[in-house]
Amino acid sequence: LTAADCQARLKERRPASLNYYAMYSSFLGGVVTDPELMQIPLDDHMVHRGHGVFDTCTLTNGKAYRLDIHLDRLLTSAELARIPLPFPRT
């Protein structure tokens, strides 16, 4: 299959009701906004070993409540899990 064939098949299988806005691709090293390019490599540790950290927060009037605390916890968890940050912490 060519890349165009693969993209066409993936597009056919994607439900039309889903709206994807963006995702960060560690493989491509940036934010992807085209749903056809939102792919996760199978050799990504997050996929085959569950290697990742997660946090949730409350949104109030469209703003994250106490965002600094959530970001600190998330970044500390990533460091403890030995997940390198794709950006400086500061």
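Sequence order as written defines the numbering, with residues in each chain counted from 1. For a predicted model such as this one, the threshold for reporting local features is a pLDDT of at least 70, and the threshold for listing and counting side-chain atom pairs is 80 or more; totals across whole chains, interfaces and linings nevertheless cover every residue. The basis for every side-chain value is the complete set of heavy atoms in the structure, and neither hydrogens nor water enter the calculation.

Participant: Got a minute to help me understand the overall build of the protein chain in this structure?
Facilitator: On a plain count of helices and strands, the protein chain comes out with 3 helices and 4 strands. Put simply, the radius of gyration uses C-alpha atoms, and a globule should come to 2.2 Å times the residue count raised to 0.38. The C-alpha atoms of the protein chain give 16 Å as radius of gyration, which overshoots the globular expectation for 90 residues (12 Å, by more than 25%). When the backbone C-alpha atoms are referred to their principal axes, the protein chain occupies close to 45 × 35 × 20 Å. Evaluated residue by residue, the protein chain yields a buried proportion of 9% over its 90 residues. In what follows, a contact means two residues having at least one pair of non-hydrogen atoms within 4.5 Å. Intrachain contacts of the protein chain at a sequence separation of at least 6 include 21% that bridge at least 24 residues. In these tables, accessible area is a Shrake-Rupley quantity obtained with a 1.4 Å probe, and a residue counts as shielded only by the protein chains included in the view. About 7800 Å² of surface is accessible on the protein chain, with carbon and sulfur atoms providing 57% of the total. In this tally Asp and Glu are treated as negative and Lys and Arg as positive; neither His nor the chain ends contributes. Think of each charge as sitting on NZ of Lys, CZ of Arg, CG of Asp or CD of Glu. Counting 10 positive and 10 negative side-chain charges, the protein chain places the centres of these two groups 4 Å from one another. Runs of E in the DSSP output that reach at least two residues are strands. Runs of H or I that reach at least four are helices, and both are numbered from the N terminus. Accessible area is worked out with a 1.4 Å probe on protein chains only. A residue is then buried under 20% of its type maximum, exposed over 50%, and partly exposed in between.

Participant: Before we go on, may I ask you to explain the pattern of salt bridges in this structure?
Facilitator: Where side chains of opposite charge bring their charged atoms close, a pairing between them can arise. By convention in these notes, a salt bridge is any Lys or Arg side-chain nitrogen within 4 Å of a carboxyl oxygen on Asp or Glu. With the rule as written, the count across this model stands at 1 salt bridge. Residues arginine 73 and aspartate 55 are paired through a salt bridge, measuring 3.1 Å at the closest nitrogen-oxygen approach. With a gap of 18 residues between them, arginine 73 in helix 3 (residues 67–80) and aspartate 55 in the loop between helix 2 (45–48) and strand 3 (59–60) connect regions that are remote in the sequence. Arginine 73 sits in the partly exposed class, given a relative accessible area of 39%.

Participant: Teacher, can you tell me more about the environment of leucine 42 here?
Facilitator: The residue leucine 42 is located in the loop between strand 2 (30–32) and helix 2 in this model. Along the primary structure leucine 42 and alanine 81 are separated by 39 residues, whereas in three dimensions their C-alpha atoms are 20 Å apart.

Participant: Honestly, a nonpolar patch on the surface in this entry has me stumped. Any pointers?
Facilitator: Like charges are joined within 9 Å and nonpolar side chains (Val, Leu, Ile, Met, Phe, Trp, Tyr) within 5 Å, but only among residues with over 30% relative accessible area and no salt bridge; these make up the patches. A surface patch of nonpolar side chains, amounting to about 310 Å² of accessible area, comprises Ile40, Leu42 and Val47. Mapped onto the elements of the fold, isoleucine 40 is located in the loop between strand 2 and helix 2.

Participant: What am I meant to see in the confidence of the model for the protein chain here?
Facilitator: The predictor reports its confidence for every residue as pLDDT, a score running from 0 up to 100. Overall, the prediction assigns the protein chain a mean pLDDT of 83, with 97% of residues at 70 or greater. Put simply, helix 2 is where the protein chain has its lowest mean pLDDT, 70, and helix 3 is where it has its highest, 91.

Participant: Mind showing me how you'd approach the side chain of histidine 70 here?
Facilitator: For histidine 70, the location among the structural elements is in helix 3. Histidine 70 gets classed as buried once you look at its relative accessible area, which sits at 14%. Residues contacting histidine 70, with those up to four places away along its chain left out, are Asp55, Thr56, Cys57 and Tyr65.

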